[in-house]
Amino acid sequence: MTALERRYRRLMLWYPRSYRDSRGDEIVSTLLDLAPPGQRWPTAVEAADLIEGGLRRRLGVATVDGLDEGLRRAAPVALALLGGAAAFLWWRVEPLGPPTLGPAAYAAWLLACAVALLAPARWTRPALATALAVTMTLPAVAPLTPYARPPVWVLMTFSVFGVIALAGTGPWSRDLERRAAPALGAIAVACGAHLVAQAWPDPLVGYYQPAFAQLGLVVAAAVGALAALALTAPRHDAPPRSQLWATLLIALPGAWLGPFDTDTWRATTALPPFGRLAQVLLGTTLVLLTMARLRTHRPRRTPANADPSGASATAPGPQARGVAAAMLAGCAVGLLGFVAGIGAVTGHAVATVLVCGVAAALLGTSRAGRGTGQRTRAPGSGLVARVREAGLAAVATLAGAYAVGVYSNDWTFGGWTELTRTAGLAVSLAVVPLAFAAYTAYRSARQVPVVAAGLLCAGWLGWLMLPELPAWGPVLPVLAAAGLVRAALSIPAWRGRTGP
Amino acid sequence: MSAPLQEPTFLILSALAAGPMHGYGVIQEVEALSGGRVSLRPGTLYGALDRLSEQGLVAQDGEEVVDGRLRRYYRLTDPGATVLDAEVQRMTGNARAAAARLRRRAGTAPA
C-alpha cells in the first residue's frame, strides 16, 4: 500500500464502518485513479470532499429526499440573514456595550456576502468557510485579547446558519440574480431588524438581550416567507419537499432567537426563569422532530424507489421504543446523579426523574410484551444494546448537566453557589428524551402502555414548557401556524375531488 | 414530472446513457460533457450514485479488479432513461423557444 493510499484510507474513517466495508475500496480506487503520478498527499479539496461525504453518511442525511435541494434553497437565505444580522449587531448593538470581538466575525460574514456578489463563483465557498472558522474560533481567541467574545448563543446561531450557507453553496457559476440575492436580502434583514428595534416597546439600551428577540422576529418573517412558498408550491406542480426542508433548516437556528427573561404564568421561586437554554432545547427538539417527520413521510411511492436497501420509511417499531426507553432511563439516572452530586435534590428534579423512569418502564414493557411472539434474534442482543444506550444517555446527561452548571454559574468549574437554580436548569435537559419518547409513542402502534407513556411524556413537557409560552422564540408560532394553514388548505382540496 | 434535475445529476445520468461505466469513468465523462466546467469529486460522485441508486435511476452492473483497484460499474436503468429523456425534452423545448425569439429579434433589429 502506498503512502497516498494509506492517507486516503485514513480520510475514509470519516465514513461509517458499514459504508467503508461496502464502498471504501471503490472510492479509494477512484481517488488513486484520479491522482496524478507523484502525488503523495490528498489535496485539501479531496479531504474536504471526503469529510463532507462521510459526515453526511454518519448523520444519515446522504440520501434524504429533497434535503440537498432544500439546502440549496436555504443557503442564500442563511447568508442573507448572516449578513443582515452582522450589520445590525455591529452597527446598532455593539456600540451600546463594552466592545467584543464580534465585529471580526461580522466583518467576515459581510465580506462573504460581497464575495458571493462580486467575485468568481469558486471563491464563495472559501469565503464562507473562512467566516465560519472566524466565528467558531472567537471563544478560543477571546481570552488572549482584552475583548470579550459575543454571547455564546449569537456564535451558535451564526455557526449553524454558516454551516447551512456553506453546505448549500456549490462551486458552480450563478447568474446575477442568484449572486445578488444574499446581499440584497442582507440589506432587507438589517433594515427590518432596525425597524423592529425602533418599534420595540423598550428602546435598545441594553446589550445583546433585546437585540436577540428583535432579530428573532426578522428570522421568523423569513421562515414565514419560506413556509408560504412551500404551501403554494404544489400549485406550481413542483414537490414542496425541498421548500419544506429549506423552511425547517432556517427555522432550526432561528428558533433559538427569542426573548430572554419574560413574565410567565408560573410564579414559583423554586424554578429558574425560562432561559435561553430551555428555549434552545425546546426549539431544537421541536424542529428536529418535524424534520424527522418530513424525512419519514412519503406520500407516494413509485416502484422505482421501493428499493429494499433504502431506509424504509415506516412507523417506528419496538426498536425505536426501546431506544426511547433507554434514553429516558439514562437521562433519569444521569439527572438524579447530578442533583444528588451537587446536593440540590429539589422536588422539581425528583418529579422529572420519576416521570422519565415511569415512562421508560412503560415503553420498555410494551416492547417485551410485543416481542415475545416474534422474537427471531438472540434474545439478549437487543437488551445489551439498550443497556449500552442507557449508559451512554446517563453519561451524556451527566456531562450535559455539568456543562449547564458551568454555564449557569458564570463559567466557573466548581464552587457553585446557586445550586437550586442550577438543578432546575439541568432538569430542562430532560426535554430532549421526553420529546423523543412522546414522538415515538405518537408514531407507534396503539398499545395501552405506549399511549400512557406518550401522554405522560407530553404532559410533563407541557408542564415544563407551556407556562413559559410568552418566552418562546417567534419562529415556533410561525412554524405552528404554517402547519395549521397546511392542514386547513388540504380540506377544500379533498372536498373538491369528491364534489360534482 | 417533478423539478428540473440539478446539473451534476443530469451530467451523471448523461454519462451513463452511452453504457455502463465505473466511477473514474463517470468523473472523466462528466468533465468532458461539461467542457471542463464540472469536475466531480469522489465523495460527491458516490453520494450522488447512492441517491440515484436508491431512487432506482441507476443500478450496479458488475465489478472487476484492475491492478489491485476495485472498479464497480453502473448503468442507467429504464426509469433513469425516462427521467433523463424528460429532462432533455424540457431543455430542448426551452432552447428551441429561446432560439426562435433570437431569430425574430435578428429579423426586426436594425442592421
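Being a predicted model, the structure only gives us computed values, none of them experimental. (Residues numbered from 1 in each chain as written. Chains lettered and ligands numbered in written order. Predicted model: local features only at pLDDT ≥ 70, side-chain atom pairs only at ≥ 80, totals over all residues. Heavy atoms only, no water.)

Caption draft 1: Summary view of the pairing of strand S2 (residues 58-66) of chain B. Note: S2(B) against strand S3 (residues 69-76) of chain B, seven bridges, orientation antiparallel. Bridged to B:Ala59 within S3(B) is B:Arg75. (Pairing = 2+ DSSP bridges. Helix = DSSP H or I, 4+ residues; strand = E, 2+ residues; numbered from the N terminus.)

Caption draft 2: Molecular detail of the interface of chain A and chain B. The interface is formed by 31 residues belonging to chain A together with 28 residues belonging to chain B. Between chain A and chain B, roughly 2,700 Å² of surface is buried when both sides are summed, and carbon and sulfur atoms account for 51% of that area. Viewed at the interface, chain B and chain A are joined by seven salt bridges. The partner of B:Arg71 in a salt bridge is A:Asp33, and the shortest N-O contact between them spans 3.2 Å. Breaking the side of chain A that touches chain B down by element, the ones donating at least two residues are helix H2 (17-34), helix H3 (44-58) and helix H4 (67-93) of chain A. For the side of chain A that touches chain B, the element with the most residues is H2(A), which contributes twelve residues. Of the residues in the side of chain A that touches chain B, the class split is twelve nonpolar, six polar and 13 charged. (Contact = heavy atoms within 4.5 Å. Buried area = accessible area lost by both parts, 1.4 Å probe. Salt bridge = Lys/Arg side-chain N within 4 Å of Asp/Glu carboxyl O. Nonpolar A, V, L, I, M, F, W, Y, C, P; charged D, E, K, R; others polar.)

Caption draft 3: Geometry of the confidence of the model for chain A. Residue and element names in this part refer to chain A. This prediction gives chain A a mean pLDDT of 81; 82% of its residues lie at or above 70. Considering each helix and strand of chain A separately, the mean pLDDT is smallest for helix H18 (residues 475-498), with a value of 65, and largest for helix H5 (residues 102-118), with 93. Within the model, the stretch residues 368-378 combines pLDDT values under 50 with four contacts to residues more than four positions away or in other chains. (pLDDT = per-residue confidence, 0-100.)

Caption draft 4: Spotlight on the nonpolar core. The biggest cluster of nonpolar side chains holds 110 residues, and the ones touching the most others in it are A:Leu89, A:Trp109, A:Phe158, A:Ile250, A:Leu328 and A:Leu434. Ranked by the residues each element gives to this core, the list is headed by H4(A), at twelve residues. Counting contributing residues, this core receives three or more from each of domain 2 (67-258) and domain 3 (316-370 + 381-473) of chain A. When residues no more than four places from it in sequence are discounted, the contact partners of A:Ile250 are A:Ala74, A:Val77, A:Ala78, A:Leu81, A:Phe161, A:Val219, A:Val223 and A:Leu226. Core analysis: the second largest hydrophobic core is formed by 36 residues, A:Tyr15, A:Leu32, B:Leu11 and B:Leu13 among them. (Core = buried A, V, L, I, M, F, W, Y, C linked by side-chain atoms within 4.5 Å. Buried < 20%, exposed > 50% of the residue type's maximum accessible area, 1.4 Å probe, protein only. Domains from an automatic or database assignment.)

Caption draft 5: Representation of the environment of A:Thr420. Residue and element names in this part refer to chain A. Within the element layout of this structure, Thr420 appears in helix H15 (residues 419-427). The exposure class assigned to Thr420 is partly exposed, which follows from its relative accessible area of 42%. Separated by 78 residues in sequence, Thr420 and Ile342 have C-alpha atoms that sit 9.3 Å apart.

Caption draft 6: Just helix H12 (residues 318-342) of chain A, in detail. A rise of 1.5 Å per residue sets the reference length of H12(A), with its 25 residues, at 36 Å; its end C-alpha atoms lie 36 Å apart and thus fit the reference within 8%. Taken from the residues just after H12(A), A:Gly343 is the one with a positive phi, measuring 75°. (Expected span 1.5 Å × (residues − 1).)

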